[in-house]
Amino acid sequence: MPSNAEHARDEHFWHAVAARYDLEPGPINLENGYFGRMTRSVVAQYERHIEFINRSNSVHVRQRFEMIESLEIRAQLADLLGTSADAVALTRCASDGLHALIRNYNALRPGDQLLVSDQEYPSVLGAMRWLARNRGVELIEISHPCPVSFDSLVATYQQAFERYPRLKLMALTYVTHRSGLVMPVQAIAAAAREHGVDVILDGAHALGQIDFDLAALGIPFAGFNLQKWMGAPLSLGFLYIDPKRLADIDPDMGEERYPVSDIRARAPYGTPNIPAWMTLPLVFEEHRALGGSAAKGARLNYLRDLWVSEARRMPGIEVLTPDDPRLYCGITSLRFRHEPEQQRMVERLLTEYNLFTVTRDGTAHGNCIRVTPGLANTAQDMKLLVRALGELSG
Ligand SMILES: Cc1ncc(COP(=O)(O)O)c(C=O)c1O
């Protein structure tokens, strides 16, 4: 049995995986971080569910989906995460869940402080700022040094916990959207616990490409989506609350359906995308059949390593994401050193090499170009990127 790293290099196998996705003619997409593709079979099933729910309308939904199927699907999701069904509630995206956790966190007292870093997703940052304003508590915003290391990331939090003893709640991003940096969540969460700081984990980019054990992470609250690396239809996410901590999150405003003891009372109200929910059993089955996050993540890391190992040697390129295998995933960002405006280079990558990438900005250290291969990319695509970076930076 080959290891995941060996399996990741099996171009024959992964070409067959890539062939399960229909691609629109056009640029080679190296911006798979926005949302993932569904396989052709998931698309086909999704379409069938749309047609079926449209024909059956509320009859199926009221008789079967609400009472039975939605609970079965939630149980399957919990099973995938290795947790219990009463710890998860489906939402429409990661932000839905994260915002609900932030606005309904009820354990803040006057004088408490909140913590965020410059790696947070803008809507999480905005929600934490909102919480501070609305509850009259102070928000502490820290920046990570650049470049980072495993130890520096943990130390930055450790220092913040020591310097601000009134910290009560923090946001933590598992995989940052700017550079794909993977945070040492378990170590940070352990330090946070020692200082009595609760963590709301933004797992938007983690599920499906990082092989983690949710219970072992030791975090009480989290929000995820299913549309990035799980390959589910758009409009699906979920929130997680450690059942022992349910009482620390109030039911969401407008909630009248579920008892206070039910985690579903914490999810924002609204009619869900039912046909999308109904595809989840197939999405989970395909995810498992591919070898789960361990195998998918290894393949994405391999595609990433193909270009990063070359780009590191190019004097004109700065690769922002570290090479410590604990700290990176398939997403990695770079900068052209000679170019003050990275967007210009994104345009040149597209017009001169047919490569689609995106700029990200907002860290304390300026903007960058994010490269995110997906499962429909091949080693050949990464070689083209290496050629482009070499020629454009030379
Ligand atoms: C780190 C991070 N958090 C949160 C989100 C928001 O996810 P969603 O679109 O599912 O709300 C994203 C989306 O790109 C993200 O990258």
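Just so you know, these numbers come straight off a predicted model, no measurement behind them. (Residues numbered from 1 in each chain as written. Predicted model: local features only at pLDDT ≥ 70, side-chain atom pairs only at ≥ 80, totals over all residues. Heavy atoms only, no water.)

K.L.:
So what's going on with the environment of Pro 340? Which residues, and what values?
P.N.:
Within the secondary structure, Pro 340 sits in the loop between strand S10 (332-336) and helix H13 (342-353). Given the relative accessible area of 73%, Pro 340 is considered exposed. Each C-alpha atom of the pair Pro 340 and Asn 367 lies 9.2 Å from the other, and the pair is 27 residues apart in sequence. (Helix = DSSP H or I, 4+ residues; strand = E, 2+ residues; numbered from the N terminus. Buried < 20%, exposed > 50% of the residue type's maximum accessible area, 1.4 Å probe, protein only.)

K.L.:
Explain the nonpolar core to me, and be specific about the residues and the numbers.
P.N.:
One finds Met 170, Tyr 174, Ile 219 and Leu 226 to be the most contacted residues of the largest nonpolar core, which totals 73 residues. Viewed by domain, this core spans two of them, domain 1 (4-30 + 292-393) and domain 2 (47-286), each represented by three or more residues. Counting residues in each nonpolar core, the second largest holds 30 residues, with Leu 108, Val 124, Ala 127 and Leu 131 among its members. (Core = buried A, V, L, I, M, F, W, Y, C linked by side-chain atoms within 4.5 Å. Domains from an automatic or database assignment.)

K.L.:
Lay out helix H2 (residues 11-18) with the relevant residues and their values.
P.N.:
By the burial criterion, the buried members of H2 are Trp 14, Val 17 and Ala 18. One side of H2 holds all its buried residues, which, seen down the axis, span an arc of 100°. (Arc of directions from axis to C-beta.)

K.L.:
Give me unusual backbone geometry: which residues, what numbers.
P.N.:
Note that the residue after Cys 146, namely Pro 147, is joined by a cis bond; omega there is 0°. Inspection of the secondary structure assignment puts Pro 147 in the loop between strand S4 (138-142) and helix H7 (150-163). In the Ramachandran plot, Asn 354 falls in the positive-phi region, its phi being about 65° despite a non-glycine side chain. Within the secondary structure, Asn 354 is located in the loop between H13 and strand S11 (355-356).

K.L.:
Explain the pairing of strand S7 (residues 221-225) residue by residue, including any values.
P.N.:
Burial analysis of S7 places five of its five residues in the buried class, which makes it a mostly covered element. Because side chains alternate across S7, one face comprises the buried residues Phe 221, Gly 223 and Asn 225, and the other comprises Ala 222 and Phe 224, equally buried. Bridge count for strand S6 (residues 198-202) against S7 is three bridges, and the pairing is parallel. Opposite Leu 201, over in S7, you have Ala 222 as the bridge partner. By the bridge criterion, five bridges tie S7 to strand S8 (residues 237-241) in an arrangement that is antiparallel. Along S8, the bridge assignment pairs Ala 222 with Tyr 240. (Pairing = 2+ DSSP bridges.)

K.L.:
Give me the packing of aromatic side chains: which residues, what numbers.
P.N.:
In the structure shown here, the tally under the stated rule is eight aromatic pairs. Centroid distance Tyr 174 to Phe 212: 5.4 Å. Interplanar angle 50°. Geometry classified as tilted. Note that Tyr 174 is positioned in the loop between strand S5 (167-173) and helix H8 (185-194) and Phe 212 in the loop between S6 and helix H9 (214-217), a separation of 38 residues in sequence. Comparing Tyr 174 with Phe 212, the two get one shared label, buried. With 5.9 Å between their ring centres and 10° between their planes, Phe 212 and Phe 224 make a pair best called stacked. (Phe/Tyr/Trp six-rings, centres within 6.5 Å; stacked < 30°, edge-to-face > 60°.)

K.L.:
I'd love a proper account of the site of the ligand, names of residues and values included.
P.N.:
In the vicinity of the ligand there are 13 residues, among which Ala 94, Ser 95, Asp 202, Asn 225 and Lys 228 approach most closely. One of the backbone N or O atoms of Ala 94 is found 2.9 Å from an oxygen atom in the ligand. The contact in question runs from an oxygen atom of the ligand to an N or O atom on the side chain of Lys 228, over 2.6 Å. A class-by-class count of the residues in the shell around the ligand yields five nonpolar, six polar and two charged. (Near = heavy atom within 4 Å. Polar contact = N/O pair within 3.5 Å; in protein donor to acceptor, adjacent residues only side chain to side chain. Nonpolar A, V, L, I, M, F, W, Y, C, P; charged D, E, K, R; others polar.)

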